[in-house]
Amino acid sequence: MIRLFPLIGLFLVLTSPAFPQGIQQTKVNFADKFRQLEEVLPTPNSYRNAAGQPGHEYWQQQADYVIEVSLDEANRRLSASAMITYRNNSPDSLEFLWVHLDQNIFRRDSIKERTSDFGGLGRRGPATEAPAGREPAKISFGELRRQQGFDDRDYGFEIGNVSGENGAPLEHTIVGTLMRIDTEQPLAPGAEITFSIEWEYNIVEENAIGARAGYEHFPKDERDGGNDIFLLAQWFPRMAVYSDYEGWHNKEFLGRGEFTLEFGNYEVSITVPEDHIVSSTGVLQNPEEVLTEAQRERLEQARSAERPVFVVTPAEALKNESSLTEGTKTWRFVADEVRDFAWASSRKFIWDAQGYEQPGAEVETVMAMSFWPKEGGELWRKYSTPSIIHTMEVYGRFSFDFPYPVIQSVNGPVGGMEYPMITFNGPRTKLQDDGDRTYSMSEKVFLVGVVIHEVGHNYFPMIVNSDERQWTWMDEGINSFLDSVAGYEWDPEMPWTRSLARDLVPYMVSENQVPIMTQSDSILQFGNNAYGKPSAALHVLRDTILGRELFDHALKTFSQRWKFKRPTPADFFRTMEEASGVDLDWFWRGWFYTTDHVDISVDHIYRLRLDTEDPDIDFTRSREEEKDKPTKVGIKLNEEAGVKNWVERHPDIKDFYDENDIYTVTNKERNKYQTFLKELEDWEREAFNRAVKEDKNYYVLEFSNLGGLVMPIILDLEFADERKERLHIPAEIWRRNPHSVRKLIILEKGDELTSVTVDPDWETADANVDNNSYPRQIIPSRIEAFKEKRSGLSRRDIMQDRKTKLKSDKEEKDEKGKEAKDE
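Asks: Would you mind going over the overall build of the chain in detail, with residue names and values included?
Replies: Of the regular secondary structure elements, the chain holds 23 helices and 35 strands. In terms of overall dimensions, the chain has a C-alpha envelope of 125 × 85 × 60 Å along the principal axes. For the chain, with 823 residues in total, the buried portion stands at 51%. Pairs at least 24 residues apart make up 74% of the contacts formed inside the chain by residues separated by at least 6 positions. Just so you have it, the chain exposes about 39100 Å², and 49% of that area is on carbon and sulfur atoms. One finds the centroid of the 100 positive side-chain charges in the chain at a distance of 5 Å from the centroid of its 143 negative side-chain charges.

Asks: I'd like a rundown of the pattern of salt bridges, residues and numbers included.
Replies: The full count for this structure, using the stated rule, is 51 salt bridges. Residue Arg-238 pairs with Asp-340 through a salt bridge whose shortest N-O separation is 2.6 Å. One end of the pair, Arg-238, is in strand β13 (residues 238-239); the other, Asp-340, is in the loop between β20 (328-338) and β21 (343-346), and 102 residues separate them in sequence. Residue Arg-347 is joined to Asp-275 by a salt bridge in which the shortest nitrogen-to-oxygen separation is 2.8 Å. Of this pair, Arg-347 sits in the loop between β21 and β22 (350-357) while Asp-275 sits in the loop between β16 (264-273) and β17 (277-280), and the two are 72 residues apart along the sequence. The burial state of Arg-347 is the same as that of Asp-275; both residues are buried.

Asks: Describe the environment of Tyr-404, and please don't skip the residues or the numbers.
Replies: Tracing the chain through its elements places Tyr-404 in the loop between α7 (377-398) and β24 (406-411). With sequence-adjacent residues up to four places away left out, Tyr-404 is seen in contact with Phe-263, Asp-336, Glu-337, Val-338, Val-363, Val-366, Met-421, Met-462, Ile-463 and Phe-564. A distance of 2.7 Å separates a polar atom in the side chain of Tyr-404 from the backbone oxygen of Glu-337.

Asks: So what about the side chain of Asn-529? Which residues, and what values?
Replies: Tracing the backbone through its elements, the reader meets Asn-529 in helix α11 (residues 526-546). Of the polar contacts made by the side chain of Asn-529, one reaches the backbone oxygen of Val-514; its length is 2.8 Å. Ignoring any residue separated from it by four or fewer positions in sequence, one finds Asn-529 in contact with Tyr-507, Val-514, Pro-515, Ile-516, Ile-523, Leu-524 and Pro-534.

Asks: Run through the sheet that holds strand β11 (residues 214-218), naming residues and quoting values.
Replies: Strand order across the open sheet formed by four strands is β11-β12-β21-β17, with antiparallel pairing between neighbours. Since the sheet does not close on itself, it has two edges, and those belong to β11 and β17, each with one partner. This sheet shows a mean twist of 10° between the axes of neighbouring strands, independent of strand direction.

Asks: Let's hear about the packing of helix α9 (residues 473-490) against helix α13 (residues 569-580): which residues, and what values?
Replies: Following both chains from N to C, one finds α9 and α13 inclined at 40°, their axes separated by 11 Å at the closest point. Overall, the two elements α9 and α13 adopt an arrangement that is oblique. Across from Trp-473, Met-474 and Ile-478 in α9, the residues of α13 making contact are Pro-569, Phe-572 and Phe-573. Taken together, the residues that form the contact of α9 with α13 break down as six nonpolar, no polar and no charged.

Asks: With reference to specific residues and values, describe unusual backbone geometry.
Replies: Here Phe-460 and Pro-461 are connected by a cis peptide whose omega angle stands at 20°. Structurally, Pro-461 is set in the loop between α8 (441-456) and α9. Of the consecutive residues Tyr-774 and Pro-775, the connecting peptide bond is found in the cis state with omega at 0°. Relative to the assigned elements, Pro-775 resides in the loop between β35 (773-774) and α21 (782-789). Positive phi is not limited to glycine here, since Glu-613 has a value of about 70°. For Glu-613, a relative accessible area of 26% translates into the label partly exposed. Even without a glycine there, the phi angle at Glu-722 is positive, about 75°. With respect to the element layout, Glu-722 can be found in the loop between β31 (713-719) and β32 (724-729).

Asks: Tell me about α11, and name the residues and values.
Replies: If you look at α11, its biggest bend is around 35°, right at Gly-532, and the proline Pro-534 turns up within four residues after that. Backbone geometry just downstream of α11 places Gly-547 in the positive-phi region, at approximately 90°.

Asks: For the nonpolar core, give the residues involved together with the corresponding values.
Replies: In terms of nonpolar packing, the biggest core is built from 194 residues, with Trp-199, Trp-235, Trp-343, Phe-424, Phe-572, Phe-587 and Trp-591 touching the most fellow members. The leading source of residues in this core is α7, at nine residues. The contacts of Phe-572, once residues within four sequence positions are left out, are Trp-473, Met-474, Ile-478, Leu-538, Leu-555, Phe-558 and Trp-588.

Asks: Before we move on, could you go through a nonpolar patch on the surface and cite the residues and values that matter?
Replies: A cluster of nonpolar side chains, contributed by Phe-118, Ile-139, Phe-141 and Leu-144, occupies part of the molecular surface with about 430 Å² of accessible area. Tracing the chain through its elements places Phe-141 in helix α2 (residues 141-152).

Asks: An account of the confidence of the model for the chain is needed here, citing residue identities and associated values.
Replies: Model confidence for the chain is summarised by a mean pLDDT of 91, while 92% of its residues fall at 70 or above. Contacts for the low-pLDDT stretch residues 785-790, under 50 throughout, to residues beyond four places or in other chains number ten contacts.

Asks: I'd love a proper account of the sheet that holds β22, names of residues and values included.
Replies: Working definition: the strands of a sheet are paired by backbone hydrogen bonds and lie parallel or antiparallel to each other. The six strands lie next to each other as β19-β22-β23-β24-β26-β25, forming an open sheet whose pairing is mixed. Both outer strands of the open sheet, β19 (309-312) and β25 (416-419), are each paired with one neighbouring strand and no more. For this sheet, the mean angle separating the axes of adjacent strands, direction not counted, is 20°. Bridge count between strand β23 (residues 365-372) and β24: five bridges; the pairing is parallel.

Asks: Can you explain a negative patch on the surface? Please cite residues and give values.
Replies: A surface patch of like charges, here negative, comprises Glu-267, Asp-336, Glu-337 and Glu-362. Relative to the helices and strands, Glu-337 resides in strand β20.

Asks: A description of the packing of aromatic side chains should follow, citing residues and the corresponding values.
Replies: Under the definition given, this model contains 50 aromatic pairs. Relative to Trp-586, the ring of Phe-34 lies with its centre 6.0 Å away and its plane at 35°, an arrangement referred to as tilted. One end of the pair, Phe-34, is in the loop between β1 (2-6) and β2 (62-72); the other, Trp-586, is in helix α14 (residues 585-593), and 552 residues separate them in sequence. For Trp-586, a relative accessible area of 4% translates into the label buried. In textbook terms, an aromatic cluster arises when at least three aromatic residues are bridged by ring pairs, as seen for Phe-34, Trp-473, Phe-558, Phe-572, Phe-573, Trp-586, Phe-587, Trp-588, Trp-591, Phe-592 and Tyr-593. It is Arg-723 that lies over the ring of Phe-719; its NZ or CZ is 4.5 Å from the centre.

Parameters at a glance
Residues numbered from 1 in each chain as written. Predicted model: local features only at pLDDT ≥ 70, side-chain atom pairs only at ≥ 80, totals over all residues. Heavy atoms only, no water. Helix = DSSP H or I, 4+ residues; strand = E, 2+ residues; numbered from the N terminus. Buried < 20%, exposed > 50% of the residue type's maximum accessible area, 1.4 Å probe, protein only. Contact = heavy atoms within 4.5 Å. Areas by Shrake-Rupley, 256 points an atom, 1.4 Å probe, with all protein chains shown as cover. Lys, Arg positive; Asp, Glu negative; His and termini not counted. Charge placed at Lys NZ, Arg CZ, Asp CG, Glu CD. Salt bridge = Lys/Arg side-chain N within 4 Å of Asp/Glu carboxyl O. Polar contact = N/O pair within 3.5 Å; in protein donor to acceptor, adjacent residues only side chain to side chain. Pairing = 2+ DSSP bridges. Axes fitted to C-alpha atoms, helices over the stretch in contact; angles between N-to-C directions. Parallel < 35°, antiparallel > 145°, perpendicular 65-115°, else oblique. Nonpolar A, V, L, I, M, F, W, Y, C, P; charged D, E, K, R; others polar. Bend = angle between axes of the 7 residues up to and from the residue. Core = buried A, V, L, I, M, F, W, Y, C linked by side-chain atoms within 4.5 Å. Patch = residues over 30% accessible without salt bridge, like charges linked within 9 Å, V, L, I, M, F, W, Y side chains within 5 Å. pLDDT = per-residue confidence, 0-100. Phe/Tyr/Trp six-rings, centres within 6.5 Å; stacked < 30°, edge-to-face > 60°. Lys NZ or Arg CZ within 6 Å of the ring centre and 35° of its normal.

Structure, rendered in structure tokens:
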């Protein structure tokens, strides 16, 4: 028999373990949180098998490009031609081809512009606010500028000749941001086709229109008319994907859902003003034609340097800024096995480089390089290229050695964007009145973080080639997880945000959210959904559920299986389970397919003690337990008032029961105890006697799942001697009842439990710490705690503010007097 009583509160004695009923699993509230995900995932086949591997008949298409492009700086216009060779590796005959024309998103009649929801959620670009009640609608100056930009110029591809290899025109039809090319005859399996396209377009001003590429103007440079930085991406017609799971990926580009592309080889010739410096996907083929001898020597020196070396010095870049040259140069680049191609051009660029060694890798020396204008200042000199190298060090442990010979970070108007071997990153210094260039801590965090993030995208999705248009989280979420790992390994004291479980609590309890698996263009709260929540989930999976050894092996297995291939979510989920050996269907279902949040409450704790059945022991215990109960209020008040009871005033009426209470033991109970012992089996008697001798403490902990998301229960147990122990209860405890569960904990005789805390390190994204402790504690709510951290302290430019002169009392008084006078 077990006696049961609360740890805190009234002392109860129960003759059987009749616990209060928690929320039971019934046919009304039934929820199977552990239902197998195979019911939802696509059926495995010979292209993608049940283990999450590429199947034995896996295939993907290839598209090779030979491109010549010219930049018209004065008119901010680009003109180009391409010869594209497309190889059909599928088992299907293709009656037509689809090509992406992403610049068409900037046409006035694009679906994106025609379906823009004024003041709606999820908008990318300048802000608007729809009217609320009688309040007027609002439109930002940025949005006004954007609309005026559309009025001033026409944007989008101007397609010229589209012809076959023999020069004959090919029928083509433009459909929004896509173009269908009708081939003369179906392209058979294993066959290839070569065709040419000519095009031009006006380059958007990125700061005005809001884009992933474009130009930025610097009117105050010494050169007459100022200077520009050009970041060129989505600048050429790119072959759409034809895959085993969707056929042609011809979904319209609406701005949020990024890109799904084929691997191929590129030969690109870029003609720009002769004083421009070009950064590009690929390896420069003609440095002797575009760089000075000194610059070529520095570039070679950088290959083995321990710190970054200037290839184009700040002095050379400053001299270029005032150049009035009218000539041009052609920079030639070659890139193999890449899924895209981007480049940048400006006379403002400073350029540094450093070789990163990967002993034994296919590419043993990778050139890490950065390009920035003087506005980048010391911030870029100190942190850009080192951040690139740090990224490769960390990501290589989780995936593979970097397979390309160069990787670059370029400063320009784009806050952060990634392409093979090149990234665009926005943070800069601020020019002060005293001529210094300074930056805030937040700007430093932004630069280091965005370089890590965008360079990390060269692994996911530039190499592990997921479908960004459909599942943003597969690249942004995995990459955000890894960039946070890299960030904390760079400097854990820097104020990183949004990637850990504790950072996502306000989002996970918010109303305006959709599951992670939502198609990219339909996501609400894009950053939290596609970046933050998947990253938090993977941190929980690594640090709380699987452990680092199992998780790291599984993620590396996935990365290497799908290097230069196109995985789907099912391939990721299956690989992580296969490689870790752990059933994670409950985890994927809860975190990725629902909007449930974590809120596990510890409701009660009961202390249990084993009855010895020996009345001389148990009755004495019961008497002591009765004494521990608080005195009844009425009796207590009578005693305080000096009221004497009847028996005290008339002692002659006392009898046997005044000397013997209900816990007095008689031989009847002793005989019953002896009979009980004799009737036990030998093994029962042995077990019983051992339990009585050990006299252990038994505690029952009762939990409720208030958020809906099943998770492991992480507990800190604190004892009377102030010791603490950590207890990890796997999520499978919820498998039969996802609403409430109880856990028996058996402790040694001397271990007296005094308190229990759920999720003590805030590692599971538990939304309400108020119910995480028993007994309850006085604590700020989790959301308030987060608000306290999100102050503007890191945004202060302390480098500049420290120069501020401390005002005297007189100066302070004079300034207040002037303000009062002005009012």
